[in-house]
Amino acid sequence: VSALVQIGDLAVLTPRFSPMGDKVLCATAIDNHIGVFAISECLRWFASKGSPVCLHAIGSVQEEIALRGAELVPFCQPLDACFVVDVDYATDTPTPHNNQMGELTMGCGAGLHRKADNNPVLQRIAREAAAAHNIHYQTSVGRYVHGGTDATVLQRQLCGVATLNINIPCRYMHSPVEMCHKEDVESVINLLIATIERIAQQQQRSFIPGID
């Protein structure tokens, strides 16, 4: 009798979702879904209010295997700047690794990377927007000096795209019981909206990666 799953077949865990109290979400593959939700809510807000700039929502595939999907984005759609919304490893776990990346605590707001893949101009604008609107955020350096998210390849394509990672702290990533906090998701949505509005107000229509 042949096996139901052969070498090289695609197999996934059965999706599960279970809210834990009023604030915590626990689900399979929440690292893929929660960023899409945050971007969708940002677009919903601008759709109701009107957008001051041209916005594109882009979903890519194969991020986990050498960031293959995002490599094609700039060839399909020219971009001045790109916010990469993703999860990052929360360090408030029984086996923390804050000695690698700094503290990133679930329930304390969006995470902003300070690493080679993130444009310092976008960094400054996002922090100014957070301060102006009292949006909670956390600073981390990520697990590596560069790499690991779509920002890595977007920054290096064509003439370069100014990129900024905005992260949702996630416990137990890449397991069937990934966990995120609702207030962190709200923080990411609010930070996206406030940063985009600030860019429009300052009339910063183009960005030069690495220049502040």
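Calculation notes
- Residues numbered from 1 in each chain as written.
- Predicted model: local features only at pLDDT ≥ 70, side-chain atom pairs only at ≥ 80, totals over all residues.
- Heavy atoms only, no water.
- Buried < 20%, exposed > 50% of the residue type's maximum accessible area, 1.4 Å probe, protein only.
- Helix = DSSP H or I, 4+ residues; strand = E, 2+ residues; numbered from the N terminus.
- Pairing = 2+ DSSP bridges.
- pLDDT = per-residue confidence, 0-100.
- Contact = heavy atoms within 4.5 Å.
- Axes fitted to C-alpha atoms, helices over the stretch in contact; angles between N-to-C directions.
- Phe/Tyr/Trp six-rings, centres within 6.5 Å; stacked < 30°, edge-to-face > 60°.

### Let's talk about the pairing of strand E6 (residues 162–170)
The buried fraction of E6 amounts to nine of the nine residues, a majority that puts the element mostly inside the structure. The side-chain alternation of E6 yields two buried faces, one formed by Ala162, Leu164, Ile166, Ile168 and Cys170 and the other by Thr163, Asn165, Asn167 and Pro169. Relative to E6, strand E3 (residues 81–89) runs parallel, the two sharing nine bridges. Among the inter-strand pairings, aspartate 86 is bridged to a residue of E6, identified as asparagine 167. Sheet analysis places strand E4 (residues 110–113) next to E6, joined by two bridges and oriented antiparallel. Note on E6: the bridge partner recorded for leucine 112 is isoleucine 166.

### Regarding unusual backbone geometry
We note that tyrosine 172 has phi near 55°; this positive angle belongs to a residue other than glycine. For tyrosine 172, the location among the structural elements is in the loop between E6 and strand E7 (178–181). Assessed through its relative accessible area of 36%, tyrosine 172 is described here as partly exposed. Although it is not a glycine, histidine 174 adopts a positive phi angle of roughly 65°. Inspection of the secondary structure puts histidine 174 in the loop between E6 and E7.

### Description of the confidence of the model for the chain
Confidence in the prediction of the chain, expressed as mean pLDDT, is 86, and 93% of residues score 70 or more. For the chain, the element scoring lowest by mean pLDDT is helix H3 (residues 98–101), at 72; E7 scores highest, at 96. Note that residues 204–212 has pLDDT below 50 and, in this model, 28 contacts with residues that lie over four places away or in other chains.

### Focus on the sheet that holds E7
Pairing within the open sheet is antiparallel, and its three strands lie in the order E1-E2-E7. Both edges of this open sheet fall to strand E1 (17–20) and E7, since each of them pairs with a single strand only. With strand direction ignored, the average angle separating the axes of adjacent strands in the sheet is 25°. Of the pairings in the sheet, the one linking E1 to strand E2 (residues 24–27) comprises four bridges and is antiparallel in character. Among the inter-strand pairings, methionine 20 is bridged to a residue of E2, identified as valine 24. The strands touched by helix H1 (residues 30–49) are E2 and E7; relative to E7, the strand with the most contacts, the crossing angle is about 25°. Relative to E7, helix H6 (residues 182–201) is tilted by about 60°, and along the sheet it contacts E2 and E7.

### Structural notes on the packing of aromatic side chains
Where two aromatic rings form a pair, the distance of their centres and the angle of their planes describe that pair. A complete count under the given rule lists one aromatic pair for this structure. Relative to phenylalanine 46, the ring of tryptophan 45 lies with its centre 5.2 Å away and its plane at 90°, an arrangement referred to as edge-to-face. Its relative accessible area of 30% is what places tryptophan 45 among the partly exposed residues. Look at phenylalanine 46 and you get buried, because its relative accessible area is 4%.

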